[in-house]
Amino acid sequence: MAGYKPKKNASKRKKHYKFFLLLILLIVILLGWFANYVFSGLPSLEELENPKPQLASTVYSADGEIVGQFFRQNRVEVSIDSIPPYVVNALIATEDRKFYKHWGVDLQRFIQAMIKNIFLFRREGASTITQQLAKNLYDLKVKNETIFDTIVRKIREWITAIQIEKTYTKREILEMYFNISWFGHGAYGIETASRVYFDKDVSELTINDAGVLVALLKSAYYYDPFERYDNALRRRNLVLSNMVDAGFLSEKEYMKLRTEPIKLSNKRIQEGISGKLAPHFLEYVRQQMTKLSQKYGFDLYSDGLNIYTTLDSKMQQIANNAVKEHLDPFQKEFDKRWNWAQYSDILKEIVDIAIKKRPEYKNASTPEEQKEVYNSFLHNKVFIDSVKNEEQKIEVGFVCLDTKTGAIKAMIGGRNQNFAYGLNHVTQIRRQPGSAFKPIVYTVAIDNGLYPAYPILNQPFDYNGWSPQNFDKSTGGFMTLRQALANSVNIVSARLIIEGHAELWKIGRFAEKMGIKSPLDLVPSIVLGTSLVSPLEMASAFATLGNKGIYNEPISITKIEDKNGITIATFNSLASEAIPEETAYIVTDMMRSVIDEGTGIRARLTYNFQRPAAGKTGTTQDFGDAWFIGFTPQLTAAVWVGFDDRRVSFTGQYGQGSRAALPIWAIFMHDVYEKLNLPLEDFTPPASGNVVTAKFCKESIFEYGNPKLYSPDCSSGVYTDIINIRDLPSTFNKYTDRNVKVFDKYMVNDTTHHAVELK
């Protein structure tokens with residue numbers, strides 16, 4: 001028995017030893033796994049040396065205003081040199097007073113914080129500025145963090161902070177910190193925060209502003225000065241007090257500053273971080289940038305690009321005001337005239353669609369529940385009224401181009417200024433332009449040798465079953481092309497095609513060269529605007545006329561820079577000669593008559609726009625679309641007014657282009673020239689000298705439709721208009737019984753030898 005005990009004890013010791021070894025092995029494995037888990041979540045050496053925070057790309061107008069931004073995180077980088085010293089001091093005094101002394105981790109502060117958290121039940125942070133940077137820069141914090149996650153994150157923060165301190169200087173760390181931090185209201189980085197809260201550049205911040213922004217670092221929600229002003233004020237004053245304790249601010253300065261209110265700017269909040277000045281233009285830019293990103297290899301939402309555009313912020317604001325000034329009362333007038341009782345079938349259909357789009361209907365689990373939800377909305381007057389209002393809302397498309405360059409100066413793609421990715425009524429709709437298309441047909445006729453004084457009979461005809469009528473059902477005798485265009489006479493305009501003065505193939509060719517890229521139905525009714533086009537295309541075509549026959553492709557982006565200001569790409573409009581300068585000038589001169597005495601005269605009489613201008617109204621047969629496109633030597637603007645649902649239309653003459661669309665154009669042009677003080681500029685005749693003034697016998701035009709040059713035997717007097725001298729011999733030999741020759745500046749009639757001076 002005496003020899004057995006030691007053997008038993010040895011066996012137990014052996015078992016305990018094995019257990020101990022297994023335990024050590026398990027601990028080593030767990031520690032290894034934990035270490036691997038911790039290190040696997042650390043940023044790589046490459047990421048540490050080349051951190052790539054997500055930066056917002058900023059869109060600028062031509063006059064230097066911020067139009068909007070594209071971002072996943074709304075951030076604009078700034079240099080530490082542009083941040084005032086007291087902003088840095090406020091941060092250090094509040095967040096990390098030993099910042100310049102520690103190596104990334106403040107152990108003393110950490111131990112003190114742990115004692116307070118565990119024994120005094122007081123929550124207190126101990127992260128240094130460098131640790132906070134590590135957390136934010138490399139996304140070390142996860143959502144719904146557990147205690148285990150927090151422990152892991154803290155270890156990773158420590159390791160990363162030490163590595164950051166070894167890699168960067170203190171100034172570089174501060175610069176990254178200010179550019180990375182979240183300040184609330186979509187603002188990442190102190191530059192964006194400065195704009196959001198104070199509408200200032202960071203260099204313009206005051207000490208009190210600095211206190212507000214540093215306070216937000218504690219909690220952008222709890223210390224939001226817009227929503228929780230009192231909280232923000234108390235925290236700001238605490239930051240200022242911390243600056244006193246740290247020796248950055250005197251007690252006297254503090255006592256003065258603490259009584260001042262927080263001076264916020266609501267401008268950026270009201271405009272919204274995505275850009276409310278020109279949301280449709282901004283989306284137009286985004287679509288183009290998305291295409292360009294494939295070519296140039298940038299990320300629009302994180303590379304911090306600077307995108308310079310053609311938009312003029314002042315013109316855009318004037319356009320916004322013009323649309324509102326006209327359409328708000330015009331909508332009320334339309335609402336009085338529109339009667340849904342006459343369109344019950346349409347109403348029934350749109351209500352059915354609207355109900356079935358409701359989440360309550362989609363989420364119903366059984367047919368019985370769906371029917372119950374359906375009936376509840378069907379008998380809900382507020383809901384039905386909202387559906388009606390949305391359906392009968394007048395929509396608008398407005399665009400203004402620089403006549404000479406094609407640069408887009410202003411764009412409004414719809415009534416909704418909270419627009420994000422919806423329909424742009426400038427670039428994404430195709431509608432019938434009505435009579436607004438006539439100038440293109442007249443351009444072909446003029447280019448073929450006709451002239452403004454050329455007469456055509458204003459009498460009905462039947463051309464293979466097509467017999468257009470004038471808007472007011474009137475008919476008459478001979479009428480000049482100038483009169484027909486000015487007063488939008490359909491019969492005369494249609495005769496240009498059926499009498500062979502304007503060939504359909506050439507109309508299609510001219511339209512394309514002038515800027516209309518949509519496919520056109522080349523049938524005689526095209527003269528009345530039956531083919532679908534966009535407002536931007538119509539603006540381009542009219543700008544070609546105003547630009548002496550030179551077409552400029554519309555352009556919105558002029559330059560793209562990377563975050564360091566290095567140019568990635570520059571852009572210029574592609575220009576091409578679309579039509580002869582003489583033809584463009586003559587048609588432009590005819591279109592001046594539209595505004596001076598024709599269907600566009602309301603621009604002069606009602607809205608007092610008196611600058612040299614040319615234009616054309618457009619109204620579709622069912623009054624569903626109203627247009628006005630007009631131009632000056634400097635600006636071309638197109639206006640479309642109508643409805644998204646084509647079954648809804650204006651009522652009678654109230655929907656004419658001169659009533660529904662022209663006022664927006666006229667208000668815009670008047671205010672742009674008055675408020676921006678643009679110089680006076682007139683359309684200049686071609687340098688060739690080929691466009692001259694000629695005198696005709698009045699009776700030969702209006703009574704006989706057989707133009708003859710003025711001579712003493714003209715009993716009815718003289719009619720004066722311009723003509724292309726190039727076409728004189730062929731034109732008059734073809735359409736008169738007199739032989740005409742051109743000698744220097746005189747047109748001599750061989751029969752009477754009467755000289756008619758060409759001016």
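The shown structure was predicted, so the numbers you read here are calculated from the model rather than taken from an experiment. (Residues numbered from 1 in each chain as written. Predicted model: local features only at pLDDT ≥ 70, side-chain atom pairs only at ≥ 80, totals over all residues. Heavy atoms only, no water.)

Concerning the overall build of the protein chain
Right, so step 1: Summing up its helical and strand segments, the protein chain has 29 helices and 19 strands in all.
Right, so step 2: The buried share of the protein chain, reckoned over its 759 residues, is 52%.
Right, so step 3: When contacts within the protein chain are restricted to residue pairs at least 6 apart in sequence, long-range pairs at least 24 apart make up 69% of them.
Right, so step 4: As displayed, the protein chain offers around 36,000 Å² of accessible surface, 52% of which is attributable to carbon and sulfur atoms. (Helix = DSSP H or I, 4+ residues; strand = E, 2+ residues; numbered from the N terminus. Buried < 20%, exposed > 50% of the residue type's maximum accessible area, 1.4 Å probe, protein only. Contact = heavy atoms within 4.5 Å. Areas by Shrake-Rupley, 256 points an atom, 1.4 Å probe, with all protein chains shown as cover.)

Observations concerning the pairing of strand 12 (residues 614-619)
Within a regular strand, the side chains alternate between the two sheet faces.
Right, so step 1: Of all six residues in strand 12, six are buried; the element is thus mostly enclosed.
Right, so step 2: The alternating pattern of strand 12 places Ala614, Lys616 and Gly618 and Gly615, Thr617 and Thr619 on opposite faces, both of which are buried.
Right, so step 3: The pairing of strand 12 with strand 13 (residues 625-631) spans six bridges and is antiparallel. Bridging across to strand 13, Ala614 finds its partner in Phe631.
Right, so step 4: Turn length for the strand 12-strand 13 hairpin, with the two strands adjacent in sequence and antiparallel, is five residues, and the turn residue Phe623 shows positive phi of about 60°. (Pairing = 2+ DSSP bridges.)

Describing the pattern of salt bridges
Right, so step 1: For the structure shown, the criterion picks out 24 salt bridges.
Right, so step 2: Between Asp385 and Lys381 there is a salt bridge, with its nearest N and O atoms 2.7 Å apart. Note that Asp385 and Lys381 are positioned in helix 18 (residues 381-391) at a spacing of four residues, about one turn of the helix.
Right, so step 3: Taking the relative accessible area as the measure of exposure, Asp385 reaches 25% and is therefore partly exposed.
Right, so step 4: Overall, Lys381 belongs to the exposed group, its relative accessible area being 60%.
Right, so step 5: Among the ionic pairs, Asp645 bridges to Arg647, the shortest N-O distance being 2.8 Å.
Right, so step 6: Look at the salt bridges and you will find they share partners, linking Lys324, Asp328 and Arg415 into a network. (Salt bridge = Lys/Arg side-chain N within 4 Å of Asp/Glu carboxyl O.)

Focus: unusual backbone geometry
Right, so step 1: Look at Lys473: it is not a glycine, yet its phi comes out positive at around 65°.
Right, so step 2: Looking at the element boundaries, Lys473 is found in the loop between strand 6 (455-457) and strand 7 (478-480).
Right, so step 3: Backbone geometry places Asn608, a non-glycine residue, at a positive phi of 55°.
Right, so step 4: Within the secondary structure, Asn608 sits in the loop between helix 25 (602-605) and strand 12.
Right, so step 5: A residue is classified by how much of its surface remains accessible, and Asn608, at 46% relative accessible area, is partly exposed.

Here's the deal with the sheet that holds strand 12
What holds strands together in a sheet is hydrogen bonding between their backbones, with the strands either parallel or antiparallel.
Right, so step 1: The antiparallel open sheet is built from five strands, whose spatial order is 5-4-14-13-12. Strand pairing shows two members of the sheet lacking a second neighbour, strand 5 (408-412) and strand 12, which therefore form its edges. Across the sheet, the axes of successive neighbouring strands diverge by a mean angle of 5°, strand direction being ignored.
Right, so step 2: With respect to the sheet, helix 14 (residues 313-337) is in contact with strand 4 (395-402), strand 5 and strand 14 (635-642), its orientation differing from that of strand 5 by roughly 35°. (Axes fitted to C-alpha atoms, helices over the stretch in contact; angles between N-to-C directions.)

Here's the deal with the packing of aromatic side chains
For any two aromatic rings, the description comes down to two numbers: the centre-to-centre distance and the angle of the planes.
Right, so step 1: Enumeration according to the criterion identifies 27 aromatic pairs in this entry.
Right, so step 2: Ring centres 5.7 Å apart and planes at 85° place the aromatic pair Phe631 and Phe683 in the edge-to-face group. Of the two residues, Phe631 sits in strand 13 while Phe683 sits in the loop between helix 27 (662-675) and strand 15 (691-697), which places them 52 residues apart along the sequence.
Right, so step 3: With a relative accessible area of 9%, Phe683 lands in the buried category.
Right, so step 4: An aromatic cluster of three or more residues is present, and its members are Phe330, Phe334, Trp338, Trp340, Tyr343, Phe643 and Phe650.
Right, so step 5: Taking the ring centre of Tyr223 as reference, the NZ or CZ of Arg235 above it sits at 5.6 Å.
Right, so step 6: The ring of Tyr308 is capped by Lys559, whose NZ or CZ atom sits 5.2 Å from the centre of that ring. (Phe/Tyr/Trp six-rings, centres within 6.5 Å; stacked < 30°, edge-to-face > 60°. Lys NZ or Arg CZ within 6 Å of the ring centre and 35° of its normal.)

Section: the sheet that holds strand 1 (residues 57-60)
Right, so step 1: On the basis of which strands lie adjacent, the open sheet formed by five strands has the order 2-1-3-9-10 and mixed pairing. In the strand order of this sheet, the two ends are held by strand 2 (66-70) and strand 10 (567-570), each with one partner. Going from strand to strand, the sheet's axes swing by 15° on average, the running direction of each strand aside.
Right, so step 2: Bridging between strand 3 (residues 306-309) and strand 9 (residues 557-561) involves four bridges; their strand directions are antiparallel. Across the sheet, the residue bridging to Tyr308 is Lys559, located in strand 9.
Right, so step 3: Those strands touched by helix 13 (residues 279-296) are strand 1, strand 2, strand 3, strand 9 and strand 10, and its axis lies near 50° from that of strand 2.

Structural notes on helix 13
Right, so step 1: In a regular helix each residue adds 1.5 Å, so 18 residues correspond to 26 Å; helix 13 covers 25 Å between its end C-alpha atoms and thus fits that length.
Right, so step 2: Regarding helix 13, the residues found buried are Pro279, His280, Phe281, Leu282, Glu283, Tyr284, Val285, Arg286, Met289, Leu292 and Ser293.
Right, so step 3: Each element contacted by the buried residues of helix 13 is listed here: strand 1, strand 2, strand 3, strand 5, helix 23 (535-546) and strand 9.
Right, so step 4: Where helix 13 terminates, the next one or two residues include Gly297, which has phi positive at roughly 75°. (Expected span 1.5 Å × (residues − 1).)

Description of helix 18
Right, so step 1: Phe383, Ile384, Val387 and Glu391 are the residues of helix 18 that are buried. Viewed end-on, helix 18 has its buried residues packed into an arc of 100°, placing them on one side of the element. Exposed residues pointing more than 90 degrees away from the buried face of helix 18 are listed as Lys381 and Val382.
Right, so step 2: Taking the backbone nitrogen of Val382 as reference, a side-chain oxygen 3.1 Å away marks Asn380 as the first, capping residue of helix 18. (Arc of directions from axis to C-beta. Polar contact = N/O pair within 3.5 Å; in protein donor to acceptor, adjacent residues only side chain to side chain.)

Points about the environment of Glu503
Right, so step 1: Topologically, Glu503 is positioned in the loop between helix 21 (490-498) and helix 22 (504-514).
Right, so step 2: With relative accessibility at 28%, the residue Glu503 sits in the partly exposed group.
Right, so step 3: Ignoring sequence-local partners within four residues, the contact set of Glu503 consists of Val444 and Asn448.
Right, so step 4: Here the side chain of Glu503 touches Asn448 through a polar contact of 2.8 Å, side chain to side chain.

Brief notes about the nonpolar core
Right, so step 1: Among the nonpolar cores identified, the biggest contains 91 residues, and Met289, Ile307, Val399, Phe437, Leu481 and Ile516 are the most heavily contacted of them.
Right, so step 2: Those residues in contact with Phe437, other than ones at most four positions away along the chain, are Ile507, Ala511, Ile516, Leu520, Ile526, Gly529 and Met538. (Core = buried A, V, L, I, M, F, W, Y, C linked by side-chain atoms within 4.5 Å.)

Things to note about the packing of helix 23 against helix 24 (residues 581-597)
Right, so step 1: Running from N to C, helix 23 and helix 24 cross one another at 110°; their axes reach a closest spacing of 8 Å. With respect to helix 24, the axis of helix 23 lies roughly perpendicular. Residues Phe542, Leu545 and Gly546 of helix 23 form the contact with helix 24, whose participating residues are Ala584, Val587, Thr588 and Met591.
Right, so step 2: Here the contact of helix 23 with helix 24 is built from residues that sort into five nonpolar, two polar and no charged. (Parallel < 35°, antiparallel > 145°, perpendicular 65-115°, else oblique. Nonpolar A, V, L, I, M, F, W, Y, C, P; charged D, E, K, R; others polar.)

Regarding the pairing of strand 3
Right, so step 1: Pairing between strand 1 and strand 3: three bridges, direction parallel. What sits directly across from Tyr60, in strand 3, is Tyr308.

Observations regarding the confidence of the model for the protein chain
For any part of a model where pLDDT is low, the fine detail of the predicted coordinates should not be relied upon.
Right, so step 1: Mean pLDDT over the protein chain works out to 85, with 83% of the residues at or above the 70 mark.
Right, so step 2: Below a pLDDT of 50 lies the segment residues 117-122, which in the model reaches six contacts outside its immediate sequence neighbourhood of four places, other chains included.
Right, so step 3: Within the model, pLDDT remains below 50 along residues 733-759, and this stretch shows 65 contacts once partners closer than five positions in the same chain are excluded. (pLDDT = per-residue confidence, 0-100.)

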